[in-house]
Every structure is written in C-alpha cells, then in structure tokens.
Amino acid sequence: MPRCKVRDLARRELYSEAFLIKRPLLQSIDPGRSRPAVLLIDEIDRADEEFEGYLLELLSEFQVTIPELGTIRASEPPIVILTSNRTREVHDALKRRCLYQWIDYPTIEKELAIIRERIPGASARLAEHVTTLVQELRTVELYKVPGVSETLDWVTALMALDGNALDIAALENTLGVVLKAKDDIDAVRGQRLAAMLARVTAR
C-alpha cells in the first residue's frame, strides 16, 4: 500500500471519537444524550479570560468545532449554571446571557440545619455556638468572609479537640480553619475573639 494511503488511513483511524476524551463541557453538548444535561461551572471568576472567551463561544450556539472531527452540536441545549464569588468581574457579554441570582449567606437557623445534616455527631451546643460565632464574624470587615464550608470545617476541628468544650484556647488554635488570611486572623485574635465568645455563651 502506498505510503500516502497508509498515512491517510492512520489519520482517519486516529482522529476519531474513539480517541476523544469528552470532558464535562463536551459531554454537556453531546448530541447522543437522551436528555438535556445540567452543566455547573463553579467559580467562573477564578478562570482566566481566555477560558471565559472560549466558554462564551461554546455557550452562544451550544456547539464546538473540532478541526479533525467537525462540529459537535447539542441536540438539546444544556441547562447551564455559573457561580461567581466576585473575585473579578465577569465579562458583560457573558453576563448578558445569564439570569442573575444573588445568594446571600444563610440565616442562623438554616446554617444550623446544614450542620445537623452534614455533621450529625456534633452536639447541639457546639453547633449553635460555632454558627453564632461565624454569623458574628461575617459582620466584621474581613478580607475573606467565612462561608458555610468554613463553618462545617470549624465544627469538625473543634470536635477533634474536645467535642463539646468551647473555650478561647480552642478557638485560637483553630482560627485558621475559618479565617484564611493572616490580616483577618490578626484582626480577630485576642480580646475581640474573647468578647465574641463571651456574647455567644451568655445567650
């Protein structure tokens, strides 16, 4: 067989779907799906602008062109959910294609319910005190306000130390679990944290 025909045959066999790794973006627009996908892209603000531009192109027509294979187009467009923590502004062209929904931090009742669901071994007293502390920390001017995941991590860390006791030493030792910036830790550590603990335990 002539060399050029062998090369063409190898190219046709190599550049086929059998050798294509379908990542989530491609999976979401796969025309072979039996029903529309739900595509979650978490913290889009942490992606670089090049990815954001590529994503805009893909989501405009719900298709992507692969030179060796052709155009892959969704038979049913996926439901796309983007989340952002606003570490940088997302491009206006992308925002224009979205329905915007602001999700605030949960109420103390809702956050307590999350802790009970995720950490059933935590005592009611510990869960309530930690949640109240985190709720108060969110009123302080911080570089990085703690989220629900930090609340869960803090409860877990305090349980590992004792399980029920909540004292200033335990809080100081685990403050880095809930606050992720040195300036924030320095701003809260010491008398300010002790005052917060006193208010929480007095309730």
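Residues numbered from 1 in each chain as written. Predicted model: local features only at pLDDT ≥ 70, side-chain atom pairs only at ≥ 80, totals over all residues. Heavy atoms only, no water.

Peer 1: Tell me about the overall build of the chain, and please be specific about residues and values.
Peer 2: Helix and strand counts for the chain come out as 10 helices and 4 strands. A total of 203 residues make up the chain; the buried ones form 33% of that total. For the chain, the proportion of contacts with a sequence separation of at least 24, taken over those separated by at least 6, is 66%. Put simply, the chain shows about 13,600 Å² of open surface, and 52% of that area lies on carbon and sulfur atoms. (Helix = DSSP H or I, 4+ residues; strand = E, 2+ residues; numbered from the N terminus. Buried < 20%, exposed > 50% of the residue type's maximum accessible area, 1.4 Å probe, protein only. Contact = heavy atoms within 4.5 Å. Areas by Shrake-Rupley, 256 points an atom, 1.4 Å probe, with all protein chains shown as cover.)

Peer 1: Explain the packing of helix α8 (residues 168-178) against helix α10 (residues 191-202) to me, using residue names and the numbers behind them.
Peer 2: Relative orientation of the contacting elements α8 and α10 amounts to 125 degrees, with a least axis distance of 10 Å. Taken together, the axes of α8 and α10 lie oblique to each other. The element α8 and its partner α10 pack so that their crossing is right-handed. The residues of α10 that touch α8, namely those facing Ile 168, Leu 171, Glu 172 and Leu 175, are Leu 193, Ala 194 and Leu 197. Among the residues forming the contact of α8 with α10, the class breakdown is 6 nonpolar, no polar and 1 charged. (Axes fitted to C-alpha atoms, helices over the stretch in contact; angles between N-to-C directions. Parallel < 35°, antiparallel > 145°, perpendicular 65-115°, else oblique. Left-handed = near helix turned anticlockwise from the far one by under 90°. Nonpolar A, V, L, I, M, F, W, Y, C, P; charged D, E, K, R; others polar.)

Peer 1: How would you sum up the environment of Arg 73? Please name residues and give values.
Peer 2: Relative to the elements of secondary structure, Arg 73 occurs in strand β3 (residues 70-73). Residue Arg 73 is classed as partly exposed on the basis of its relative accessible area of 47%. Measuring from C-alpha to C-alpha, the distance between Arg 73 and Leu 58 comes to 9.6 Å, with 15 residues separating the pair along the chain. Those residues within four positions of Arg 73 in sequence are excluded, and the remaining contacts are Ile 29, Pro 31, Phe 62 and Gln 63. A distance of 2.7 Å separates the side chain of Arg 73 from the side chain of Gln 63, its partner in a polar contact. (Polar contact = N/O pair within 3.5 Å; in protein donor to acceptor, adjacent residues only side chain to side chain.)

Peer 1: Tell me about the environment of Gln 63, residues and numbers included.
Peer 2: Mapping Gln 63 onto the fold places it in strand β2 (residues 63-66). By relative accessible area, which is 24% here, Gln 63 ends up partly exposed. A sequence separation of 11 residues divides Gln 63 from Ala 74, and the C-alpha atoms of the two residues are 6.2 Å apart. Contact partners of Gln 63, with chain neighbours within four places excluded, come to Ile 29, Glu 57, Leu 58, Thr 71, Ile 72 and Arg 73.

Peer 1: Break down the confidence of the model for the chain for me, citing the residues and quoting the values.
Peer 2: Averaged over every residue, the pLDDT of the chain is 85; residues scoring 70 or more account for 90%. The least confident element of the chain is helix α1 (residues 3-14), whose mean pLDDT is 57; the most confident is helix α5 (residues 108-118), at 96. (pLDDT = per-residue confidence, 0-100.)

Peer 1: If you had to explain helix α6 (residues 124-137) to someone new, which residues and values would you point to?
Peer 2: Taking 1.5 Å of rise per residue, 14 residues should cover 20 Å, and α6 covers 20 Å from first to last C-alpha, within 8% of that figure. α6 sits mainly inside the fold: 10 of its 14 residues count as buried. Listed as buried for α6 are Leu 126, Ala 127, His 129, Val 130, Thr 131, Thr 132, Leu 133, Val 134, Glu 136 and Leu 137. Each element contacted by the buried residues of α6 is listed here: α5, α7 (148-161), α8, α9 (182-188) and α10. (Expected span 1.5 Å × (residues − 1).)

Peer 1: Account for the pattern of salt bridges, with residues named and values stated.
Peer 2: Summed over the entire model, instances satisfying the criterion amount to 9 salt bridges. Here Lys 95 and Glu 89 are joined by a salt bridge, their closest N and O atoms 3.3 Å apart. For Glu 89, a relative accessible area of 54% gives the class exposed. Taken together, the shared-partner salt bridges connect Glu 89, Asp 92 and Lys 95 into one network. (Salt bridge = Lys/Arg side-chain N within 4 Å of Asp/Glu carboxyl O.)

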